[in-house]
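Secondary and tertiary structure notes
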Amino acid sequence: MSQSLHIFTPSNLTFPKPSSNRRFLVTTFSPKLISIKASTSSDPNSSTSPQVLISNNGTGASGILSSTPQDYDTPPSQSIFSDSSSIEVDAVTEAELKENGFRSTRRTKLVCTIGPATCEFEELEALAVGGMNVARINMCHGTRDWHKRVIERVRRLNEEKGFAVAIMMDTEGSEIRMGDLGGASSAKAEDGEIWTFSVRAFDSPRPERTVNVNYDGFAEDVKVGDELLVDGGMVRFEVIEKIGPDVKCRCTDPGLMLPRANLTFWRDGSLVRERNAMLPTISSKDWLDIDFGIAEGVDFIAISFVKSAEVINHLKSYIAARSRDSDIAVIAKIESVDSLKNLEEIIQASDGAMVARGDLGAQIPLEQVPSAQQNIVQICRQLNKPVIVASQLLESMIEYPTPTRAEVADVSEAVRQRADALMLSGESAMGQYPDKALAVLRSVSVRIEKWWREEKCHEAMELPVVGSSFSDSISEEICSSAAKMANNLGVDALFVYTKTGHMASLLSRCRPDCPIFAFTSTISVRRRLNLQWGLIPFRLSFTDDMESNLNKTFSLLKARGMIKSGDLVIAVSDILQSIQVMNVP
Ligand SMILES: Nc1ncnc2c1ncn2[C@@H]1O[C@H](COP(=O)(O)OP(=O)(O)O)[C@@H](O)[C@H]1O
Ligand SMILES: C=C(OP(=O)(O)O)C(=O)O
Ligand SMILES: [K+]
Ligand SMILES: [Mg+2]
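Residues numbered from 1 in each chain as written. Chains lettered and ligands numbered in written order. Predicted model: local features only at pLDDT ≥ 70, side-chain atom pairs only at ≥ 80, totals over all residues. Heavy atoms only, no water.

**Details of the overall build of the protein chain**
Check the secondary structure of the protein chain and you find 17 helices and 27 strands. Across the 585 residues that make up the protein chain, the buried fraction comes to 56%. Long-range pairs, those at least 24 residues apart, make up 72% of the contacts in the protein chain between residues at least 6 apart in sequence. On the protein chain, roughly 24100 Å² of surface is accessible, and the fraction owed to carbon and sulfur atoms is 50%. (Helix = DSSP H or I, 4+ residues; strand = E, 2+ residues; numbered from the N terminus. Buried < 20%, exposed > 50% of the residue type's maximum accessible area, 1.4 Å probe, protein only. Contact = heavy atoms within 4.5 Å. Areas by Shrake-Rupley, 256 points an atom, 1.4 Å probe, with all protein chains shown as cover.)

**Focus: the sheet that holds strand 8 (residues 166-170)**
If you walk around this closed barrel you meet the eight strands as 6-7-8-18-19-20-21-22, and the pairing is parallel. Across the sheet, the mean angle separating the axes of adjacent strands is 25° when strand polarity is ignored. Here four bridges tie strand 19 (residues 329-334) to strand 20 (residues 352-356), and the two strands are oriented parallel to one another. For Ile334, the partnering residue across the bridge sits in strand 20 and is Val355. Sheet strands in contact with helix 6 (residues 309-322) are strand 18 (300-303) and strand 19, and its direction is about 155° off that of strand 19. (Pairing = 2+ DSSP bridges. Axes fitted to C-alpha atoms, helices over the stretch in contact; angles between N-to-C directions.)

**What to know about the coordination of the magnesium ion (ligand 4)**
Distances from the magnesium ion (ligand 4) to its protein donors, Glu335 (OE) and Asp359 (OD), fall within 1.9 to 2.0 Å. In this structure, the magnesium ion (ligand 4) lies 5.4 Å away from the potassium ion (ligand 3). Of this pair, Glu335 sits in the loop between strand 19 and helix 7 (337-341) while Asp359 sits in helix 9 (residues 357-363); the two residues are 24 residues apart in sequence, bridging distant segments of the chain. Asp359 shares its class with Glu335; the two are buried. (Donors = N, O, S within 2.8 Å, 3.2 Å for Na, K, Ca; no water.)

**Description of the sheet that holds strand 13 (residues 235-243)**
Pairing within the open sheet is mixed, and its seven strands lie in the order 11-10-14-13-12-16-17. Strands with a single pairing partner mark the edges of an open sheet, and in this sheet they are strand 11 (210-212) and strand 17 (270-271). Direction of pairing for strand 16 (residues 263-267) relative to strand 17: antiparallel, over a ladder of two bridges. By the bridge assignment, Trp266 is partnered in strand 17 with Leu271.

**Describing the UniProt feature "domain: Pyruvate kinase C-terminal" (unreviewed entry) in the protein chain**
Mapped onto this structure's residue numbering, the UniProt feature "domain: Pyruvate kinase C-terminal" (unreviewed entry) falls at residues 476-574. Within residues 476-574, the helical portion is 43% and the strand portion 22%, while the C-alpha atoms at the span's ends are 11 Å from each other. (UniProt positions renumbered as here; feature names shortened; annotations may be inferred.)

**Quick look at the coordination of the potassium ion (ligand 3)**
Under ideal tetrahedral coordination, the four donors around a metal are separated by 109.5 degrees; under ideal octahedral coordination, the six donors are separated by 90 or 180 degrees. Taken together, Asn138 (OD1), Asp170 (OD) and Thr171 (O) make up the full set of protein donors to the potassium ion (ligand 3), lying 2.7 to 3.0 Å away. Here the donor residues of the potassium ion (ligand 3) are spaced in sequence according to N-x31-D-T. By relative accessible area, Asn138 is classed as buried at 14%.

**With respect to the domain arrangement of the protein chain**
Once the domains are mapped, the protein chain shows domain 1 (2-92 + 460-583), domain 2 (102-175 + 279-454) and domain 3 (181-272). Using C-alpha coordinates to define each centre, domain 2 is positioned 28 Å away from domain 3. Of the roughly 890 Å² buried at the junction of domain 2 and domain 3 (both faces included), carbon and sulfur atoms supply 53%. The largest per-residue losses of area from domain 2 upon contact with domain 3 belong to Glu175, Ala362 and Gln363, which jointly make up 39% of the total buried on that side. (Domains from an automatic or database assignment. Buried area = accessible area lost by both parts, 1.4 Å probe.)

**Some remarks on the confidence of the model for the protein chain**
Counting all residues, the mean pLDDT for the protein chain is 85, and 85% of those residues have values of 70 or more. The model gives residues 9-82 a pLDDT under 50, and that stretch makes 130 contacts with residues more than four places away or in other chains. Complex prediction metrics read pTM 0.86 and ipTM 0.99. (pLDDT = per-residue confidence, 0-100.)

**As for the side chain of Glu335**
Note on Glu335: relative accessible area 2%, which makes it buried. Within polar-contact distance, the side chain of Glu335 engages the backbone nitrogen of Phe305 at 3.0 Å. (Polar contact = N/O pair within 3.5 Å; in protein donor to acceptor, adjacent residues only side chain to side chain.)

**Considerations on the UniProt feature "domain: Pyruvate kinase barrel" (unreviewed entry) in the protein chain**
In the UniProt entry, the feature "domain: Pyruvate kinase barrel" (unreviewed entry) is given for residues 106-437. Across residues 106-437, the secondary structure splits into 33% helix and 24% strand, with the terminal C-alpha atoms separated by 16 Å.

**Regarding the site of ligand 2**
Contacts to ligand 2 come from Arg136, Asn138, Arg177, Lys333, Glu335, Met354, Ala356, Arg357, Gly358, Asp359, Ser391 and Met423. Contact between ligand 2 and Asp359: an oxygen atom at 2.8 Å from a side-chain N or O atom of the residue. Coverage of ligand 2 by the protein amounts to 89% of the 290 Å² it exposes when considered alone. Counting residues per element, the ones that place at least two in the shell around ligand 2 are strand 7 (134-138), strand 20 and helix 9. At three residues, the largest contribution of residues to the shell around ligand 2 is made by helix 9. For the shell around ligand 2, the per-class residue count stands at three nonpolar, three polar and six charged. (Near = heavy atom within 4 Å. Nonpolar A, V, L, I, M, F, W, Y, C, P; charged D, E, K, R; others polar.)

**A short note on the site of ligand 1**
Within the structure, ligand 1 sits among 13 residues, and Arg136, Asn138, His141, Ser425 and Met430 are positioned closest to it. Interatomic distance of 2.7 Å between a side-chain N/O atom of Asn138 and an oxygen atom of ligand 1. Measuring from an oxygen atom of ligand 1, one finds a side-chain N or O atom of His141 at 2.7 Å. Burial of ligand 1 by the protein chains amounts to 79% of its free accessible area of 520 Å². Along the lines of polarity and charge, the residues of the shell around ligand 1 split into five nonpolar, six polar and two charged.

This is the structure we're talking about:
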């Protein structure tokens, strides 16, 4: 038996734009539906096409309308799945669904930074098997050739093993950094030692207690008495003397300095933003890296030290002009004072955001980082943008095989905040236990998510209208109704048929209790959806006929033992705006 609600919209109906101040806005509008015809059919092959009377309050438009499929951008044709008789999902998800059932699949997504510890094919495969959804390459480190090889291996892994691991390229940005320490893996600064920081390029081997700085204005901008923080305070120095380009500093807090570590300087307890505040967000080297990322067809480009929405808009049009066929998503890294000042407009302009706590904690007092994180996660959810919580989640696991209790609590908090994704940095890039660190993220995520469901912590978070057209508003209403129905009815899974991924993201935003099976015909959309909370992306070719899509999905998933007769499913689609509730035949 299937019960359904179909909503037909005329493509020319305009709808009042929601206020631009969306952050705390409770949606004041609810499209006063419209008369709804629920069709009950016991014949899976019947294709009753219900007519729905639309009387849109306010616009005066009314009438009986026939089915008008929604407009969507046509995805790149070369990546549309051509085999119409199969469904693609990776072996790990398939095994997890079979063994544990729908309910216990992991909803929080996992991003791993790839570095020397994880760059070989087998190491990448181990991460994919361990649940890596996105592989991040950090352009601060390594050569383009090195990154190219990693991208090739991830792609091969996807092709040969059926994974849909997405690739995120993270730009270096032009904030102040130390040099690469002449190839050394770290340098230890001891209490009271005098070190020289200089823009000079030192001969190799690097003279003792010297560090190269990448910012030409460094010696001019710092003053004697300033405090110099390496990596947000992992090591601290006091500036004691300036001699031409060389800045002599005394170590006041000893510690280990890593190659290309970030440097900030502080005066009278405040972060100094001198001419370095004027450095471009995207440096010339970053533009070349971005060209590389476009040429390689990465899925996400993360932009470091974003200051305003302008740079995001600029980059998005640059990408659009250079790669007409691709849909690279732009992720804004929130890691500076400037990005916090313009938070909403930056997130609105981006396709997602990262709470980059490493550098953020170097620019604002550490005790302000947790509230900033919560705020960023919440705004992203409201604006329907995926959000990644990054840096030092399991820092001690770079060296040790078990995390600290405090680290587990930190991971739990990010999961409890319902961030889309968690990220490993050094833990997976150069740590000794990358697979164990990933396993900790996985088990903590699953445990906290389960606890959340058992405690029935359905949030009361108001989700404001994000789209601007009437059709968008209907999609949003459909998704929030479907998610609510799924929770109230205790359904096993939500199904969404989506061409661009938008409808899937709207469902994910509602954070329903059951997993969301997202069916898309495009490989790149499937990879991109892998970053979003609760979505299990499948590649499947489908048509505009929902009845036949559902029948086909049921038979393919049943044949693989991923669903069974009697499972309760709610299906929504952006093909024919509709909600259908049914038991798998
Ligand atoms: N491609 C790479 N090549 C060599 N080392 C890397 C690479 N990517 C990351 N690393 C190492 O892993 C550490 C953590 O990575 P990440 O957090 O992304 O960078 P950072 O510490 O510069 O913010 C880096 O400091 C670096 O030592
Ligand atoms: C993720 C971050 O950026 P990166 O590792 O590139 O410094 C961070 O600063 O937390
Ligand atoms: K970076
Ligand atoms: Mg950073």
